[in-house]
Amino acid sequence: MGPDSATAPCEPRGDADEVAARLRSAGLSPTRRRRQVLEAIEHRQRPVGAHELYVELARRGHGVGMSTVYRALSALAEAGLLHAFAGDGETRYRLCTAGRHYHLVCRRCGTVREYPADDDGAWLDRIAAEADFEPDPRKAEVQGVCGSCLRADRNGTDG
Ligand SMILES: [Zn+2]
Ligand SMILES: [Zn+2]
């Protein structure tokens, strides 16, 4: 209930500073919970659900409630720091870098990579012009199979 910042220790460490700065530049106050959630999620290549993150935070010794994790995740996603992937029943989140990019989503292993929109989103602009629909470039997902899954397949079938 109370504000997280009231009891947050002031630790001027490099990483913590960077996380706090990122939250501020996205227009969010860097509460301890948001920082913990962002730190726990930032190195993951696969989108993570709220429950998995909750378990990890508990393992790290952060006593964070599920509803707090949900709130932190949706605040971070709304601010554009995380990308929310609608999955089978559960929304999963992954760190999102700034700038226009697409998300390459492997349907086998679930890994997500960002791919810069070098064409400045020309095909999305074409959709906007021709299909009476305005796509959001930062939400653009390309579903497919990643290189390591393809190679694993080949090795498996070729013997
Ligand atoms: Zn992204
Ligand atoms: Zn894969």
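Every chain is numbered on its own, with residues counted from 1 as its sequence reads. Think of it this way: whatever chain is written first is A, whatever ligand is written first is 1, and the rest follow in order. Two thresholds apply to this predicted model, a pLDDT of at least 70 for residue-level local features and 80 or more for giving and counting side-chain atom pairs, whereas whole-chain, interface and lining totals are computed over all residues. The side-chain quantities take in all heavy atoms of the structure and omit both hydrogens and water.

What about the overall build of the protein chain?
Only DSSP runs of H or I covering at least 4 residues are called helices, and only runs of E covering at least 2 are called strands; the numbering of each starts at the N terminus. Looking only at helices and strands, the protein chain has 6 helices and 6 strands in total. When the elements of the protein chain are put in sequence order from the N terminus, they spell out α-α-β-α-α-β-β-β-β-α-β-α. Every one of the 159 residues in the protein chain was classed for burial, and the buried ones make up 35%. Taking as baseline every contact in the protein chain between residues at least 6 positions apart, the subset at least 24 positions apart corresponds to 48%. Summing over all exposed atoms, the protein chain offers an accessible surface of approximately 9,800 Å²; the carbon and sulfur share of this is 50%. Burial classes follow relative accessibility: with a 1.4 Å probe on protein chains only, a residue under 20% of its type's maximum area counts as buried, one over 50% as exposed, and anything between as partly exposed. For this analysis, residues touch if any pair of their heavy atoms sits within 4.5 Å. All accessible areas in this document rest on Shrake-Rupley with a 1.4 Å probe, and a residue is counted as covered only by the protein chains that are shown.

Some words on the coordination of the zinc ion (ligand 1)
Coordination of the zinc ion (ligand 1) by the protein is provided by Cys96 (SG), His101 (NE2), His103 (NE2) and Glu114 (OE), with metal-donor distances spanning 2.0 to 2.2 Å. Considering all 4 donor atoms around the zinc ion (ligand 1), the spread of angles at the metal, 94 to 129 degrees, places the coordination shape in the tetrahedral class. Coordination partners: N, O, S within 2.8 Å of the metal, 3.2 Å for Na, K and Ca; water not considered, so apparent gaps in a site are possible. Donor residues for the zinc ion (ligand 1), ordered by position in the chain, follow C-x4-H-x1-H-x10-E. In terms of burial, cysteine 96 and histidine 103 fall into one category: buried. Just to be clear on the cut-offs, tetrahedral is four donors with all angles between 85 and 135 degrees, square planar is four donors and octahedral six with opposite donors over 155 degrees apart and all others between 65 and 115, and anything else goes down as irregular.

Some remarks on the sheet that holds strand 4 (residues 101-106)
Any two strands with at least two DSSP-identified bridges between them are counted as paired. Spatially, the 3 strands line up as an open sheet ordered 5-4-6, and their pairing is mixed. One side of each edge strand has no neighbouring strand; the edge strands of this open sheet are strand 5 (112-116) and strand 6 (141-144). The average angle at which neighbouring strand axes cross in this sheet is 25 degrees, direction not considered. As judged from the 5 bridges shared by strand 4 and strand 5, these two strands associate in the antiparallel manner. Whenever a helix is involved, its axis is fitted only over the stretch in contact; in every case the axis is a line through C-alpha atoms, and angles between N-to-C directions fall within 0 to 180 degrees.

Side note on the sheet that holds strand 1 (residues 48-49)
Strand pairing in a sheet relies on backbone hydrogen bonds, with the paired strands running either antiparallel or parallel. One open sheet holds the 3 strands; their spatial order is 1-3-2, and the pairing between them is antiparallel. The two strands at the open ends of the sheet, each matched to only one other strand, are strand 1 and strand 2 (82-86). Both strand 2 and strand 3 (residues 91-95) contribute to a ladder of 5 bridges, which runs antiparallel. Along strand 3, the bridge assignment pairs alanine 84 with tyrosine 93.

What to know about the nonpolar core
As used here, the term nonpolar core means buried Ala, Val, Leu, Ile, Met, Phe, Trp, Tyr and Cys residues forming a set that is joined through side-chain atoms within 4.5 Å. Formed by 22 residues in total, the largest nonpolar core has its most connected members in Leu38, Ile41, Leu53, Leu73, Leu76 and Leu82. For this core, the secondary-structure elements that each account for two or more residues are helix 1 (14-25), helix 2 (32-41), helix 3 (50-59), helix 4 (66-78) and strand 3. In terms of residue count, helix 4 provides more of this core than any other element does, 6 residues in total. Not counting residues within four places of it along the chain, the set of residues in contact with leucine 38 comprises Val19, Leu23, Leu76, Leu82 and Leu95.

A word on the coordination of the zinc ion (ligand 2)
Coordination of the zinc ion (ligand 2) by the protein is provided by Cys106 (SG), Cys109 (SG), Cys146 (SG) and Cys149 (SG), with metal-donor distances spanning 2.3 Å. Here the zinc ion (ligand 2) is ringed by 4 donor atoms whose angles at the metal span 107 to 114 degrees, and the overall shape comes out tetrahedral. Positions of the donor residues of the zinc ion (ligand 2), expressed as sequence spacing, correspond to C-x2-C-x36-C-x2-C. Residue cysteine 106 is classed as buried on the basis of its relative accessible area of 3%.

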